[in-house]
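# Summary of structural features
Listed below, chain by chain, are the residues.
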Amino acid sequence: MPEIRKFLGDLVMKEEFHKHTTKTLEKKYIPKNMKKKEGEYKRKKILLTWVQPGLAGLMDGSVSTLAPIFAAAFATGDTRQTFLVGLSASVGAGISMGFTEAIHDDGKLSGRGSPVKRGIANGIMTTIGGFGHTLPYLIPHFKLATTIACIIVFIELWAIAFIQNRFMDTPFFRAAFQVVLSGALVFATGILIGSA
């Protein structure tokens, strides 16, 4: 066994030497503006592969599930039934959006990266977006559950506007106006239909 230990030690030393040589050559031959371009490319790739599909999913999950959840809440007044509708809407939307994101663009022409990664990001975030305001309906008291769900919707919509501003360079007030307006319209639709 001492021979194997020595062999592995030699490999580690060679690897360290290669790392040091690579860093030295990079400093000597790669211009600083090229490193900056590489950094920008990596950032853009992460945005296109993970952040943008995840944000689209979060927006869709948060907004599109408002109508069925609150329609069920106001139509039935039953927190258990509302929870089941919200759970099915959230999971169903997550599956649908995840597959749609993965299938509609293989990433080769658009440069948006792996369709599987984009589909996973989109699907999971869509489900999370709808699940946030579904969870309060585990509480058996209808008014308390609905109040908490409304507060969560408010937080979700503002969080989406913040993420758009932070990662997608959308001016905050424009993002807030778009997200809050669309959320308010869908929310009102759910309440009107559920109360009819």
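That block above? That's the structure.
So, here's what we can say about the structure. The numbering scheme is per chain: residues are counted from 1 as the chain's sequence reads. Selection of residues for local features in this predicted model requires a pLDDT of at least 70, selection of side-chain atom pairs for listing and counting requires 80 or more, and totals for whole chains, interfaces and linings are taken over all residues. In computing side-chain properties, one takes all heavy atoms of the structure into account and sets aside hydrogens as well as water.

Right, let's get into the overall build of the chain. For the chain, the helix and strand inventory stands at seven helices and zero strands. Strands are runs of DSSP state E lasting at least 2 residues, helices are runs of H or I lasting at least 4, and numbering of each runs from the N terminus. In the chain, the order of α-helices and β-strands from amino to carboxyl end is α-α-α-α-α-α-α. For the radius of gyration, the atom set is restricted to C-alpha positions; the globular benchmark scales as 2.2 Å times the number of residues to the power 0.38. Over its C-alpha atoms the chain spans a radius of gyration of 24 Å, topping by over 25% the 16 Å that the globule rule assigns to 196 residues. In this scheme, a residue with accessible area under 20% of its type's maximum is buried, one over 50% is exposed, and one in between is partly exposed, where area comes from a 1.4 Å probe on protein chains only. Evaluated residue by residue, the chain yields a buried proportion of 30% over its 196 residues. Accessible area for the chain stands at about 12,500 Å²; split by element, carbon and sulfur atoms hold 71% of it. Charge assignment: positive for Lys and Arg, negative for Asp and Glu; neither His nor the chain ends contribute. Positions of charges follow a simple convention, taking NZ of Lys, CZ of Arg, CG of Asp or CD of Glu. Across the chain, 23 positive and 14 negative side-chain charges occur, with their mean positions spaced 6 Å apart. Throughout, the Shrake-Rupley method with a 1.4 Å probe supplies accessible areas, and for residues the shown protein chains are the sole cover considered.

To continue, consider helix α3 (residues 66-76). Residues of α3 that are buried: L66, A67, I69, F70, A71, A72 and A73. Contact definition: two residues touch when any of their heavy atoms are within 4.5 Å. Of the surrounding secondary structure, the elements contacted by the buried residues of α3 are α2 (32-64), α4 (79-104), α5 (115-131), α6 (142-168) and α7 (172-195). Within two residues after α3, G77 carries a phi angle of roughly 70°, on the positive side.

Right, let's talk about the side chain of E101 for a bit. Counting through the fold element by element, E101 comes out in helix α4. Residue E101 is classed as buried on the basis of its relative accessible area of 8%.

Here the nonpolar core consists of buried residues drawn from Ala, Val, Leu, Ile, Met, Phe, Trp, Tyr and Cys, with membership extended through side-chain atoms lying within 4.5 Å. F70, Y137, V153, L157 and I160 are the most contacted members of the largest nonpolar core, which totals 15 residues. Those elements that provide at least two residues to this core are α2, α3 and α6. Among the elements that make up this core, the one with the highest residue count is α6 (five residues). Residues contacting L157, with those up to four places away along its chain left out, are V63, V179, V180 and G183.

Criterion for a salt bridge: a side-chain nitrogen of Lys or Arg within 4 Å of a carboxyl oxygen of Asp or Glu. All told, the structure shown has four salt bridges when counted by the stated rule. A salt bridge links R118 to E101; the shortest N-O distance between them is 2.8 Å. In this pair, R118 is assigned in helix α5 and E101 in helix α4, connecting sequence segments 17 residues apart. A salt bridge links D105 to R112; the nearest nitrogen and oxygen atoms lie 3.4 Å apart. The exposure classification of D105 matches that of R112, with both residues buried. Each of E101, D105, R112 and R118 takes part in salt bridges that share partners, so that together they form one network.

To continue, consider α7. In this scheme, a helix's expected span is set at 1.5 Å multiplied by one less than its residue total. With 24 residues, α7 extends 34 Å between its outermost C-alpha atoms, agreeing within 8% with the 34 Å of an ideal straight helix rising 1.5 Å per residue. Taken residue by residue, α7 has A175, A176, V179, G183, G190 and G194 as its buried positions. The inward-facing, buried residues of α7 contact α2, α3 and α6.

Here we come to a positive patch on the surface. Like charges within 9 Å and nonpolar side chains (Val, Leu, Ile, Met, Phe, Trp, Tyr) within 5 Å are joined into patches, using only residues over 30% in relative accessible area that form no salt bridge. Taken together, the side chains of K23, K27, K32 and K35 define a basic patch exposed on the protein surface. Elements represented by at least two residues in the positive patch include exactly α1 (2-29) and α2. Along the chain, the position of K27 falls in helix α1. Looking at K27, the relative accessible area reads 69%, which means it is exposed.

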